[in-house]
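# Summary of the model geometry
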Amino acid sequence: MNLFNLRRQAARAVEAAPAPALADPVDPLSREHLMPAIERAAQVFVRGQGSWLWDSEGRAYLDFTQGNAVNSLGHSPKALVQALSGQAQALINSGAGFHNRGQLKLVNLLCQSTDSDQAYLLNSGAEACEGAIKLARKWGQLHRNGAYHIITASQGTHGRSLGALSASDPLPCNRCEPGLPGFSKVPFNDLPALHAAVDSRTVAIMLEPIQGEAGVIPATQHYLKGVERLCRELGILLILDEVQTGVGRCGALLAEETYGVRADILTLGKGLGGGVPIAALLARGTACCAEAGELEGSHHGNALMSAAGLAVLETVLDSGFLSQVQDAGRHLRDGLSRLAGRYGQGEVRGQGLLWGLELNEPLAAEVVKAALQEGLLLNAPQPNVLRFSPALTVSHGNIDEMLLRLARAFSRVHTAQLSRRREANA
Ligand SMILES: Cc1ncc(COP(=O)(O)O)c(C=O)c1O
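The residue count restarts for each chain, going from 1 along the sequence in the order it is written. Under the rules for a predicted model, residues below a pLDDT of 70 receive no local features and side-chain atom pairs below 80 are neither given nor counted, while totals for whole chains, interfaces and linings still include all residues.

## Some points on the overall build of the chain
- Every helix listed is a DSSP run of H or I at least four residues long, and every strand listed is a run of E at least two residues long, numbered separately from the N terminus. In terms of regular secondary structure, the chain is built from 13 helices and 17 strands.
- Overall, the chain is about 90 × 65 × 45 Å in size when its C-alpha atoms are taken along their principal axes.
- Three exposure classes are used. Buried residues have 20 or more other C-beta atoms within 10 Å of their own C-beta, exposed residues have 12 or fewer, and partly exposed residues fall in between, all C-beta atoms being placed from the backbone. The buried share of the chain, taken over its 426 residues, is 45%.
- A pair of residues counts as a contact when their C-beta atoms, built from backbone coordinates, are within 7 Å of each other. Here the contacts in the chain between residues at least 6 apart in sequence split such that 72% fall between residues at least 24 apart.

## Focus: the site of the ligand
- Here, nearness means that the C-beta atom of a residue, built from backbone geometry, sits within 6 Å of the molecule or strand in question. In the neighbourhood of the ligand, 15 residues make up the surrounding shell, with Ser124, Gly125, Ala126, Gly159 and Val243 lying closest.
- The residue inventory of the shell around the ligand, partitioned by class, reads three nonpolar, eight polar and four charged. The classification used treats Ala, Val, Leu, Ile, Met, Phe, Trp, Tyr, Cys and Pro as nonpolar, Asp, Glu, Lys and Arg as charged, and all other residues, Gly among them, as polar.

## Notes on the sheet that holds strand S16 (residues 379-382)
- Spatial ordering of the open sheet is given by S13-S14-S17-S16, a layout of four strands whose pairing is antiparallel. At either end of the open sheet lies a strand with only one pairing partner, and these are strand S13 (348-351) and S16. Averaged over all pairs of adjacent strands, the angle between strand axes in this sheet comes to 30 degrees, irrespective of strand direction.
- Pairing between strands is defined by DSSP: at least two bridges between them are needed. Bridge count between S16 and strand S17 (residues 385-388): two bridges; the pairing is antiparallel. Looking at S17, one finds that Gln382 is bridged to Val385.
- Together, S13, strand S14 (354-358) and S17 form the strand contacts of helix H11 (residues 321-342), whose direction differs from that of S14 by roughly 5 degrees.
- This element, helix H12 (residues 364-373), spans S16 and S17 of the sheet and lies at about 170 degrees to S16. To obtain each axis, a line is fitted to C-alpha atoms, and for helices this fit is confined to the stretch in contact; angles are then taken between N-to-C directions over 0 to 180 degrees.

## Digging into the environment of Gly260
- Take Gly260: it is sitting in the loop between helix H9 (255-259) and strand S11 (265-268).
- With 35 residues separating them in the primary sequence, Gly260 and Lys225 have C-alpha atoms 7.6 Å apart.

## Considerations on the pairing of S14
- Taken across its five residues, S14 has four buried, putting it largely inside the fold.
- The pairing of S14 with S17 spans four bridges and is antiparallel. Counted as the bridge partner of Gly356 is Arg387 from S17.

## Some thoughts on H12
- Turning to H12, its buried residues are Ala364, Val367, Val368, Ala370 and Ala371. Looking straight down H12, one finds that the buried residues subtend no more than 165 degrees of arc, so they occupy a single side.
- Where H12 is buried, its residues touch strand S15 (376-377), S16, S17 and helix H13 (396-425).
- Just downstream of H12 lies Gly375, where phi reads positive at about 75 degrees. The arc under discussion is defined with respect to the helix axis, by the directions toward the C-beta atoms.

## Some points on unusual backbone geometry
- With an omega of 5 degrees, the peptide bond between Glu177 and Pro178 qualifies as cis.
- Within the secondary structure, Pro178 is located in the loop between helix H6 (162-167) and strand S6 (183-186).
- Notably, Gln66 is not glycine yet its phi reads approximately 50 degrees, a positive angle.
- Structurally, Gln66 is set in helix H2 (residues 66-69).
- The phi angle at Val216 is positive, at roughly 55 degrees, despite the residue not being glycine.

## What about the confidence of the model for the chain?
- When pLDDT is averaged across the chain, the result is 94; 94% of the residues are at 70 or more.
- Taken as a whole, residues 6-14 scores under 50 in pLDDT and shows one contact with residues more than four places along the chain or in a different chain. A residue's pLDDT is the predictor's confidence in that residue, given on a scale from 0 to 100.

## Some thoughts on the domain arrangement of the chain
- Throughout the structure description, domain borders are defined by an automatic or database domain assignment. Taken domain by domain, the chain consists of domain 1 (45-75 + 320-425) and domain 2 (78-317).
- Summarising the inter-unit geometry, the C-alpha centres of domain 1 and domain 2 are found 27 Å apart.
- With 24 residues of domain 1 at the contact, the number on the domain 2 side is 28 residues.
- Of all the elements in the fold, those that place two or more residues in the side of domain 1 that touches domain 2 are H2, H11, S13, S14, S16 and S17.
- With five residues, the single largest contributor to the side of domain 1 that touches domain 2 is H11.
- Taken together, the residues that form the side of domain 1 that touches domain 2 break down as twelve nonpolar, ten polar and two charged.

## Observations concerning the sheet that holds S15
- One open sheet holds the four strands; their spatial order is S1-S2-S3-S15, and the pairing between them is mixed. Each edge of the open sheet is held by one strand with a lone partner, namely strand S1 (45-49) and S15.

Written out as structure tokens, the structure is:
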């Protein structure tokens, strides 16, 4: 048999196959193929600057979510754009198995500014929380007879990967059960419940200083201090998830500073990258127990993201930056309190530039929709709570404009409510 001929025939057969018929041209902005994993508004955004975003129709929106607190310096801030473009031209990714300057500088600055002993860079808040869980479990093997149970708080959020979801409450992705074993949940701000839950299997307590997704619920000073004391007395770890509250969001580099507590393990994410994905796991004292191979990830500490993190952290640490966040935060809190009073709404709570406004009815999603019509981006972590997480650089003028638009959104919802009632009574 002549193999040469055989191969040539096979090749001809492929060449002769009819070309597939061209499907109808696809709209490049069609949403048909987008997995519906997140509920999204209809707008397609094309440009952002500071506190403003523009959609593909040229309409401007005042952004008081900033991607749920990720764009810590607002949209496309100069420091971040320069750091990213300079780094992209020099080196994007040397590979996780090699050092790069940005990674080393960021890790050193994180440790120095937070008084931590070690830091590790990852891609997302969920991953940082997974890292914290792994570190605590390893520590339990080394120092607490293999204890691995972690106590977390009801309504806590630590991310959407399976371990982080298992630490969260409730498990929002109910079809992916069962979660990971080794977590128990106790009511937040309830010290006796925490005392009662600790046993010989407990290795750590993991909490958010302010529960963001639960509706911006701050831990009380008494509670967090008490949790720290309990951890010290029992010789277990305190893990603070500062993915949402850290990197200046609460008017201090870390929210733990404002409470006067000191965690053994901390997680940072969201605002650290100013809009690009980077997170950090910080460890202190004996919690520095990771060894090579235990946390690895292909993109961990990549040069491009590290450059972004460094630009953000340096900006937040600039003199006067955090006092400006506190000042803007007070202006926002006062304005929201006035508005809440005028419209008969509930409590305004939070810190720095992370605020929640409790509504007296579960109409938050409706207010968010009405605000969108008014050119204002907000979100509703709970059916009766609006959340405000503007750029840390937000001006008093932006805050005043937001309050005007929010008042108009309240009026829209109020009008719609009245007409629904009228129709119901007709
Ligand atoms: C406190 C907290 N931890 C962790 C996460 C997860 O972060 P990421 O969405 O970056 O995975 C979130 C996200 O909302 C969060 O609020």
